[in-house]
Amino acid sequence: VDQVNRTKFLRFATIMNKTIGLDDPTTLQRMISQQPHLLVYSEATIAARTTFIQNELGLTSQELLKIVPRTPCALSSYNSTTLEKIESWTSYLGNKQAVKHLAVKYPNIIQNS
């Protein structure tokens, strides 16, 4: 990894640690390999998107920490797309609590796919 990318990665790691308490380098590397553009996102953008997901599903910090690393594209998708997925699943399952439990177990349900 060259110095520029290393610097970007360390910045991203700092942001993820600050916003959701994620500090595992292996997990962070996997997220970046799946969604390299996350390296250029600002702290405000990442904080807004993690907060959005957390609030929309009523997640605890621990639940958020389970979802985000496994679904890094949720941070890169537009909130409206994530919201559409959540609303679609809420409609299908009947309530957000059910969607929350499903998302914690299978985070990819709230991603663009």
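K.L.:
Explain the side chain of Thr27 to me, please; I cannot follow it from the model alone.
P.N.:
Relative to the assigned elements, Thr27 resides in helix 2 (residues 25-34). Not counting residues up to four positions away in its chain, the partners in contact with Thr27 are Leu22 and Pro69.

K.L.:
Even after reading the chapter, I still don't get the confidence of the model for the protein, so can you show me in this structure?
P.N.:
One rule of thumb: low pLDDT means the predicted coordinates there are not for detailed reading. Averaged over all residues, the pLDDT of the protein equals 89, while 95% of them reach at least 70. The least confident element of the protein, judged by mean pLDDT, is helix 5 (residues 73-76) at 81; the most confident is helix 2 at 94.

K.L.:
Explain the packing of helix 3 (residues 43-57) against helix 4 (residues 61-70) here, please?
P.N.:
Geometrically, a packed helix pair is captured by the angle between its two axes and the distance between the axes. Packing of helix 3 against helix 4 brings their axes to within 10 Å, and their N-to-C directions diverge by 115°. Where helix 3 crosses over helix 4, the handedness of that crossing is right-handed. Residue-level contacts link Thr50, Ile53 and Gln54 of helix 3 to Ser61, Leu64 and Val68 of helix 4. Within the contact of helix 3 with helix 4, the residues separate by chemical class into 3 nonpolar, 3 polar and no charged.

What counts and what doesn't
Residues numbered from 1 in each chain as written. Predicted model: local features only at pLDDT ≥ 70, side-chain atom pairs only at ≥ 80, totals over all residues. Heavy atoms only, no water. Helix = DSSP H or I, 4+ residues; strand = E, 2+ residues; numbered from the N terminus. Contact = heavy atoms within 4.5 Å. pLDDT = per-residue confidence, 0-100. Axes fitted to C-alpha atoms, helices over the stretch in contact; angles between N-to-C directions. Left-handed = near helix turned anticlockwise from the far one by under 90°. Nonpolar A, V, L, I, M, F, W, Y, C, P; charged D, E, K, R; others polar.

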